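Residues per chain, in single letters:
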Amino acid sequence: MKNRSWAFLAGGLLVALLLAGVVSNYASSHPDGLDSSLLKGCTVDADDTIVGGSCPAQQAKDHELGDSPLADYGVRGVENSFLSTGLSGVLGVLVTFAIGAGGFWLLRRRGTTPTDGDATTPAGGDAVASDDDRRHAGANG
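Residues numbered from 1 in each chain as written. Predicted model: local features only at pLDDT ≥ 70, side-chain atom pairs only at ≥ 80, totals over all residues. Heavy atoms only, no water.

## Focus on a nonpolar patch on the surface
Where we set the bar: Patch definition: residues with relative accessible area over 30% and no salt bridge; like charges joined within 9 Å; nonpolar side chains (Val, Leu, Ile, Met, Phe, Trp, Tyr) joined within 5 Å. Residue burial considers only the protein chains on display, and all accessible areas are found by Shrake-Rupley using a 1.4 Å probe. Every case where a carboxyl oxygen of Asp or Glu lies within 4 Å of a side-chain nitrogen of Lys or Arg is listed as a salt bridge. Secondary structure elements follow DSSP: runs of H or I no shorter than four residues count as helices, runs of E no shorter than two count as strands, and numbering proceeds from the N terminus.
Together, Val 15, Leu 18, Leu 19, Val 22, Val 23, Tyr 26 and Phe 82 give the surface a local cluster of nonpolar side chains, amounting to about 690 Å² of exposed area. Looking at the nonpolar patch element by element, the count peaks at three residues for helix α1 (residues 3–21). Summarising the element assignment, Phe 82 is placed in helix α3 (residues 81–107).

## As for the packing of α1 against α3
Put simply, the rule is: A fitted line through C-alpha atoms represents every axis, and for helices the fit uses only the stretch in contact; the resulting angles, taken between N-to-C directions, go from 0 to 180 degrees. Should an angle lie under 35 degrees it is considered roughly parallel, over 145 roughly antiparallel, and from 65 to 115 roughly perpendicular; all remaining angles are considered oblique. What makes a crossing left-handed is the near helix being turned counterclockwise from the far one by less than a right angle; a clockwise turn instead makes it right-handed. For this analysis, residues touch if any pair of their heavy atoms sits within 4.5 Å.
Between α1 and α3, the least distance of the axes is 7 Å, while the angle of their chain directions is 150°. Classified by the interaxial angle, the pair formed by α1 and α3 is roughly antiparallel. Considering how the two elements wind past one another, α1 and α3 form a crossing that is right-handed. In this structure, α1 uses Leu 9, Leu 13, Ala 16, Leu 17, Ala 20 and Gly 21 to contact α3, whose residues at the interface are Thr 85, Gly 86, Gly 89, Val 90, Val 93, Leu 94 and Phe 97.

## Re the state of the cysteines
By definition, a disulfide is the covalent link that joins the sulfur atoms of two cysteine residues. The line we're drawing: The disulfide criterion is simple: two cysteine sulfur atoms within 2.5 Å. Throughout this description, buried means an accessible area under 20% of the type-specific maximum (1.4 Å probe, protein chains only), exposed means over 50%, and partly exposed covers the range between.
Evaluated as defined, the whole model comprises one disulfide. Across a sulfur-sulfur distance of 2.0 Å, Cys 42 and Cys 55 are joined as a disulfide pair. Its S-S torsion of approximately -95° makes the covalent link between Cys 42 and Cys 55 left-handed. Taken together, the positions of Cys 42 in strand β1 (residues 42–44) and Cys 55 in the loop between β2 (50–53) and α3 put the pair 13 residues apart, joining distant regions of the chain. Grouping residues by exposure puts Cys 42 and Cys 55 together as buried.

## Points about the environment of Arg 108
Test applied: N or O atoms within 3.5 Å of each other form a polar contact, as long as, within protein, one can give a hydrogen and the other can take it, and as long as residues adjacent in sequence are counted only when both atoms are side-chain atoms.
Assignment of secondary structure puts Arg 108 in the loop between α3 and α4 (131–140). Of the polar contacts made by the side chain of Arg 108, one reaches the backbone oxygen of Trp 105; its length is 2.6 Å.

## Things to note about unusual backbone geometry
With phi around 60°, Asp 72 is a residue other than glycine that occupies positive phi space. Note that Asp 72 resides in the loop between β2 and α3. Residue class for Asp 72 comes out exposed when judged on its relative accessible area of 72%. Phi is positive for Tyr 73, which is not a glycine, with a value near 55°. Mapped onto the fold, Tyr 73 is located in the loop between β2 and α3.

## Details of the confidence of the model for the protein
What counts here: Per residue, pLDDT captures the predictor's confidence, and it can take any value from 0 to 100.
Considering every residue of the protein, the mean pLDDT works out to 80; 77% of them sit at 70 or more. Within the protein, α3 carries the highest mean pLDDT (93), whereas α4 carries the lowest (55).

## Considerations on α3
Quick note on the threshold: Helix span is expected to be 1.5 Å times the residue number reduced by one.
Between the first and last C-alpha of α3 there are 39 Å, a value that for 27 residues agrees with the 39 Å anticipated at 1.5 Å per step. Residues Ser 84, Gly 86, Ser 88, Gly 89 and Val 93 constitute the buried set of α3. Taken together, the buried residues of α3 touch α1.

Set out below in structure tokens:
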């Protein structure tokens, strides 16, 4: 990969880490329109606790992974909420980057190494095309 590509990749990763680690702390605490639509038909108090009515949100259950280390946009065990949210975002970016990089690494175009039958170089130094090369050239040209 060229140096310019590495610089672009590193710059993108740095921006993503900055957004996830710092700016994510300033996001809305109620960003999801789905939550509000599920509360239609219910009466809620100031703490958004359902106190009456009938709505789909009454059927909600705790998620199976609700007690995982990165649940609720934070890191369990970190008491400072600003640090916990930022650290959770940074870890998410790094894991996503690692999975993406691993996928690209697995799918990368690998150079082919010539085998004994691919091409020969005579004493004059000019490569002689193999039968395979001649067939492809005839089909393309």
